[in-house]
Every structure is written in C-alpha cells, then in structure tokens.
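Below are the chains, spelled out letter by letter.
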2 protein chains.
Amino acid sequence: MFRQVSFKELMKMFGVGAVALVLGVEWLDWLTRRLGFRRDSRLKEVLFFPSPQTCVEHLFTPDRSFPCACPLPHGTETSFSRLLGHLLSACVSLDLCLFSFSHVELSRVVLHLHNRGVTVRVVTDRDYMAIIGSQIGTLRRAGICVRHEMSTAVHMHHKFALVDGRKLITGSLNWTLTAVQSNKENVMVTEEPELVRPYQKEFQKLWEANDPANHKPQTKKQAAK
Amino acid sequence: MFRQVSFKELMKMFGVGAVALVLGVEWLDWLTRRLGFRRDSRLKEVLFFPSPQTCVEHLFTPDRSFPCACPLPHGTETSFSRLLGHLLSACVSLDLCLFSFSHVELSRVVLHLHNRGVTVRVVTDRDYMAIIGSQIGTLRRAGICVRHEMSTAVHMHHKFALVDGRKLITGSLNWTLTAVQSNKENVMVTEEPELVRPYQKEFQKLWEANDPANHKPQTKKQAAK
C-alpha cells in the first residue's frame, strides 16, 4: 500500500483533483439554478391586485396583546398587507416617487415611519398632488419633505418606492383606494442590486432636479404665458 | 525531496486541499457578487422615459442597404429604441397586457411580429380600448386575438409584455405617445424566472377569465341596469 511519490507528483494529483472538484461544484450550481431547484436568495416577489380588504392593524401595533375589534377579516395575508409589511420594514429611509397618492392607509404607513425616525422623501406629480383626497398635504403638514415635478414633463408617472435604499417596490399601482381594491395591478418587490441601482439614481436625479431652491418663483405674467 | 506517503494520507491531503479550494472559490464568488464586480448573466435592464425622438426604421428593416431619409436623428440608441428592440426579439409569442395602447410605432411592432408569424395575444382595458387613437381596432382588423377585461374590476391597469414567455417587460409606461415622449416613466426588462413566472400566470389567468365564450352576451335590459 506504500509507494514512492515525488513532491511534484503529489502537487499534480492535488491540483487535478481540486480543479475537477471545483468544476463539478460549479456545474452542479449552474444545473440546479437552470432546472429551478435552487433559488437566488435575493428577494424577488410579485404582488397582484385587487387585494381583498382585511384588517392590517397588527402591522402597526405588533406588540398589542388584545385583538382588534374591527369588522374586517383578521389573520389573512393579502397583497396589500404584504405591501404594507415591505414598507414598514424601513429602518433608515423611504424614498417615494409617486404619480398619485390618496390611499389613507398607505399615508398612515408613511407617517408612522416618519414618526419612527425614518427619513422620508417624496417626489410627486405637479397636477395630481392637488386633487381631492391627495395625501400630499397631510405628509407636508407632518414635516415630510415633498417635491413635485417642475420640468416640462406632462406627468411624473412613476410609482416606485425605495426602502432603506436597497429594496425596490415598483409596478403599475398608484397609491389610491381604487388601484388597491378595484383595479388589476401589479407590484414587484426586489433587492436585486442591478434593478435597484437605476431606480436609486433616477430618484436622486428627480430629487435634485426638483429642488425648489433651483427654481425661481414665476411672476404672474410668466405664469399666464 | 522524497518521503513515504500512505494511500490514506494521500487521500486525506487530496480531500482537505479540494475542500479548501472549493470553499475559497465559493467565497470569492460570493464576494465578487456582493461587491458588484460580477453580474448575474440573466437580463436585467431598466429604461427611463421620456425618450428623445430618433429614427427607428433600421429596427424594422435591418437588411436595407440605403439609409433612411427621414429628418429624425439617426444612429442613436434611446430607451424607446431599446424597448422596440426587446419586443422585436420575439420569435414565437408576444403576450400583451395593456391598459391603454395608442402608440402607432408600438402598434407597428406588434403588426410586424404578427406578420412574421409570432403568436400575439392582447388583454386590454374595457373602457380604454375604445378611446380615440386606440390601436386595439387596428390589431383586431389584422387578425390579432384581443380580449378585454370582463370582470367587475374598475380598470385592467397592467402594462406588461411577455416576449417568447421568458422576457418580461413591465413598468409604469402606458403604450401612448405622451407616455413615451413626455412623461417620467420606467420600464424594467428581465429574464429572471422568479419574476417572469408570476406575470406568465397572471396573463394566462386573465386570458382565460376574459374568454368571450365564457361570457353570455347581455340583453338590453341587463345592460341598462
């Protein structure tokens, strides 16, 4: 069972064996991904709407010992409760780029995060921020920084959110009651850096471009043109 | 430089070396992904709008030898030309789930693919398919299968496309001229199966739910209710 082996031979065997093992592991890795047996661990979730109405009180007060007495169904997870959960996971920042925002429960989430010390920034559409039921005024009164589109663009039509700068929430859903409860809508939630990064850049671009300090107030004559 | 090595010792060295190498490679793999040095090879692209107007003729007639004589800028890649390129990459099928569709160039793409033998299916909104400038009638007259939302949903507000069942194009962009040329909009293009699959299922669900064969025509009395 013993034989003379040179150091060179030993290293050769070691090397060939190791390379074969690495190639084997990489091939297995590729195969399991390809066949869908294994998932990339980064968050990728798709939510579809309309979402049934359920009680979401537990998301705001998770430590409460007594159950909520409201007449809505309890204990059911829906697309809407998942969306709220993702937003409420913010610890540091919440950047919102929203065409229209009139949903009271979503406004409550934003105010809740603001009160918890999360830095909230909102970019919204010039025209839609003033429509009846818009929550933009409520956010502003609470001290949240809101900027509106100031360029010549017809509409700031984005509907995306960035949670802590690393979780992207985007899709067709405007933050309105009709969208959540009555429309066919989609929302994608992902932490994929290649997808999150462009939205981060876009938000920063819009945030800086719509800084009121860079825009002179219009005179009455100019506004009438 | 020679020493006696037992087969057991040899195997042990081989094993330890190989495991160390595999762990090292896996760690490097994780590190390079984490630091963003290496990209997942699956398509992930984000396009922002408005898009400048450029000539897109070359996308429809790539073999043409003479240059296009139109007055638009040539040879520039834009978000819109990228979007057209992704749609024109369809070989087998194109599934569209669109709230509003009035963009003539995008309609041309769909007709082009239909004429090339690509199976096109369209699900659209009940109300918006009949607005002035809608391309839905043009698609229907060309023989493309179009179904509209028949449920009690207020709007079918999705704006997504599935190319060959594996490339997802989704975002805030309605297929209108205003959206493409004048609005702030986003479109995500991805082949990530975990994101594509839910949209495939949603399309199939909507396609089957809105099959006219399952819906009895309303009588005048019912419709008036």
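As the structure is a computational prediction, the values presented were derived from the model and not from experiment. Residue positions are given per chain, counting from 1 as you read along its sequence in written order. All chains are assigned letters beginning with A, and all ligands numbers beginning with 1, in the order in which they are written. Owing to the predicted nature of the model, reporting of local features is limited to residues with pLDDT of at least 70; listing and counting of side-chain atom pairs is limited to 80 or more, with chain, interface and lining totals taken over all residues. Excluding hydrogens and water, the side-chain values take into account all heavy atoms of the structure.

S.K.: Go over the nonpolar core, please, and point to the residues and values.
M.R.: Grouped together as the largest cluster of nonpolar side chains are 36 residues, with contacts concentrated most on B:Leu83, B:Leu87, B:Leu94, B:Leu96, B:Phe101, B:Val110 and B:Trp175. Among buried residues, those of type Ala, Val, Leu, Ile, Met, Phe, Trp, Tyr and Cys that are joined through side-chain atoms within 4.5 Å constitute a nonpolar core. Buried means the residue's accessible area, taken with a 1.4 Å probe over protein chains only, is under 20% of the maximum for its type, while exposed means over 50%, and partly exposed covers the values in between. A:Phe49, A:Leu84, A:Leu96 and A:Leu106 belong to the second-largest nonpolar core, a separate cluster that totals 35 residues.

S.K.: Kindly report on the pattern of salt bridges, identifying the contributing residues and their values.
M.R.: Where side chains of opposite charge bring their charged atoms close, a pairing between them can arise. Take a side-chain nitrogen of Lys or Arg and a carboxyl oxygen of Asp or Glu: if they are within 4 Å of each other, that pair is a salt bridge. One pass over the structure, following the stated rule, counts 28 salt bridges over all chains. The salt bridge involving A:Arg82 is made with A:Glu77; its shortest N-O contact spans 3.3 Å. Note that B:Lys184 is salt-bridged to A:Glu149, the shortest N-O span being 2.9 Å. Pair noted here: B:Lys184 is in the loop between α6 (177-181) and β8 (185-190) and A:Glu149 is in the loop between β5 (145-148) and β6 (159-163), and the two residues belong to different chains. In this pair, the class of B:Lys184 matches that of A:Glu149, namely buried. Put simply, DSSP marks the helices as runs of H or I at least four residues long and the strands as runs of E at least two long, and each gets a number from the N terminus on.

S.K.: Talk me through the state of the cysteines; I want residue IDs and the actual numbers.
M.R.: Working definition: a disulfide is two cysteine sulfur atoms within 2.5 Å of each other. Under the defined criterion, the tally for this structure stands at 0 disulfides over all chains. Cysteine B:Cys97 is unpaired, with the sulfur of B:Cys145 as its nearest cysteine sulfur at 15 Å.

S.K.: Now, about the confidence of the model for chain A: what can you tell me, with residues and values included?
M.R.: In the predicted model, chain A carries a mean pLDDT of 89, and the fraction of residues at 70 or more is 91%. Model confidence for the complex is summarised by a pTM of 0.82, with the ipTM given as 0.82. Looking at any residue, its pLDDT shows the predictor's confidence there, from 0 to 100.

S.K.: Could you give me a rundown of the environment of B:Val110, with the residues and numbers involved?
M.R.: For B:Val110, the position within the fold is in helix α4 (residues 104-115). The spatial distance from the C-alpha of B:Val110 to the C-alpha of B:Val122 is 10.0 Å, given a sequence separation of 12 residues.

S.K.: I'd love a proper account of the relation of the copies chain B and chain A, names of residues and values included.
M.R.: Only residues with pLDDT of at least 70 in both copies count here: their C-alpha atoms drive the least-squares fit that superposes the copies. Overlaying chain B with chain A gives an RMSD of 0.4 Å, the required rotation being 180° about an axis along which the chain moves by 0.1 Å. In short, the pair behaves as if placed about a two-fold rotation axis. Comparing interface residues between copies, 100% of those in chain B also sit at the interface in chain A, which points to an isologous, same-surface contact. Two residues qualify as a contact provided that any one of their heavy atoms is within 4.5 Å of a heavy atom in the partner residue.

S.K.: Tell me about the sheet that holds strand β4 (residues 119-124) of chain A, and name the residues and values.
M.R.: All names here are of chain A. Whether two strands pair depends on DSSP finding at least two bridges between them. Taken in spatial order, the 7 strands of this open sheet run β2-β8-β7-β6-β3-β4-β5, and their pairing is mixed. The open sheet has two free edges, formed respectively by β2 (44-49) and β5, since each of these has just one partner strand. Here the average twist between neighbouring strands, direction ignored, is 15°. Where β6 and strand β7 (residues 167-171) come together, 4 bridges link them in antiparallel fashion. The residue bridging Leu 162 from the neighbouring strand is Leu 168, located in β7. The sheet strands contacting helix α3 (residues 79-88) are β2, β3 (93-98), β6, β7 and β8 (185-190), and the helix crosses β2 at an angle near 135°. Orientation is described by axes fitted as lines to C-alpha atoms, over the contacting stretch for helices, and by angles from 0 to 180 degrees between their N-to-C directions.

S.K.: How would you explain the sheet that holds strand β3 (residues 93-98) of chain B if you had to name every residue and give the values?
M.R.: Across a sheet, strands are paired by hydrogen bonds formed along the backbone, either parallel or antiparallel in direction. The strand order across the open sheet built from 7 strands is β2-β8-β7-β6-β3-β4-β5 (chain B), with neighbouring strands paired in mixed fashion. Here the strands that pair on one side only, and so sit at the sheet edges, are β2 (44-49) and β5 (145-148) of chain B. Strand after strand, the sheet turns through a mean of 15° between neighbouring axes, direction not considered. Where helix α7 (residues 193-209) of chain A meets the sheet, its contacts fall on β2 and β8 of chain B, and the angle it forms with β2(B) comes to roughly 20°.

S.K.: For the interface of chain B and chain A, give the residues involved together with the corresponding values.
M.R.: Counting residues at the interface gives 54 residues for chain B and 54 residues for chain A. Taken together, both faces of the contact between chain B and chain A bury some 4,900 Å²; the carbon and sulfur share is 63%. On inspection of chain B and its partner chain A, the count reaches 6 salt bridges. Any pair of N or O atoms that falls within 3.5 Å is considered a polar contact. Within protein, one atom must be able to donate a hydrogen and the other to accept it, and sequence-neighbouring residues count only if both atoms are side-chain atoms. The interface formed by chain B and chain A holds 22 residue pairs in polar contact (both at pLDDT 80 or more) in total. Broken down by secondary-structure element, the contributors of at least two residues to the side of chain B that touches chain A are β1 (2-6), α1 (7-34), β2, β6 (159-163), β7 (167-171), β8 and α7 (193-209) of chain B. The element contributing the most residues to the side of chain B that touches chain A is α1(B), with 12 residues. Along the lines of polarity and charge, the residues of the side of chain B that touches chain A split into 24 nonpolar, 15 polar and 15 charged. In this description, buried area is defined as the sum, over both parts, of the accessible area (probe of 1.4 Å) that is lost when the two are combined. Nonpolar residues are Ala, Val, Leu, Ile, Met, Phe, Trp, Tyr, Cys and Pro. Charged residues are Asp, Glu, Lys and Arg, and all others, Gly as well, are polar.

S.K.: Which residues make up α7(A), and what values do they have?
M.R.: The span expected for a helix works out to 1.5 Å for each residue beyond the first. Between its first and last C-alpha atoms α7(A) spans 24 Å; for 17 residues at 1.5 Å apiece the expected length is 24 Å, and the two agree. Turning to α7(A), its buried residues are A:Glu194, A:Leu195, A:Val196, A:Tyr199, A:Glu202, A:Phe203, A:Leu206 and A:Trp207.

S.K.: Please set out the domain arrangement of chain A residue by residue, giving values where relevant.
M.R.: One can read the domain layout of chain A as domain 1 (10-38) and domain 2 (44-212). Taking only C-alpha atoms into account, the centre of domain 1 of chain A sits 44 Å from that of domain 2 of chain A. Domains are outlined according to an automatic or database domain assignment.

S.K.: For the packing of aromatic side chains, give the residues involved together with the corresponding values.
M.R.: Stacked, tilted and edge-to-face are the three classes assigned to paired rings of Phe, Tyr and Trp, where Trp is represented by its six-membered ring and a pair needs centres within 6.5 Å; plane angles under 30 degrees give stacked, over 60 edge-to-face, the rest tilted. As enumerated under the stated definition, the model contains 10 aromatic pairs over all chains in all. Judged by centre distance (5.9 Å) and plane angle (15°), the rings of A:Phe203 and A:Trp207 are stacked. With a gap of 4 residues between them, A:Phe203 and A:Trp207 both fall in helix α7, about one helical turn apart. For the pair formed by A:Phe203 and A:Trp207, the shared burial category is buried. Seen in terms of ring centroids, B:Phe101 and B:Trp175 are 5.1 Å apart; in terms of plane orientation they differ by 85°. Their pairing is edge-to-face. Within this pair, whereas B:Phe101 is found in the loop between β3 and α4, its partner B:Trp175 is found in the loop between β7 and α6, the two being separated by 74 residues in sequence. Accessibility classification places B:Phe101 together with B:Trp175 in one group, the buried group.

S.K.: So what's going on with the packing of helix α3 (residues 79-88) of chain B against α4(B)? Residues and values would help.
M.R.: Residues and elements named next belong to chain B. As a packed pair, α3 and α4 sit with axes 10 Å apart at the nearest point and diverge in direction by 20°. By the angle class used here, α3 and α4 are roughly parallel. The way α3 lies across α4 gives a crossing that is right-handed. Counted together, Phe 80, Leu 83, Leu 84, Leu 87 and Leu 88 of α3 and Glu 105, Leu 106, Val 109, His 112 and Leu 113 of α4 form the full contact between these two elements. Broken down by class, the residue content of the contact of α3 with α4 amounts to 8 nonpolar, 1 polar and 1 charged. Any angle that is under 35 degrees is reported as roughly parallel, and any over 145 degrees as roughly antiparallel; angles of 65 to 115 degrees are reported as roughly perpendicular and all others as oblique. Each helix crossing is assigned a hand: it is left-handed if the near helix lies turned anticlockwise from the far helix by less than a right angle, otherwise right-handed if that turn is clockwise.

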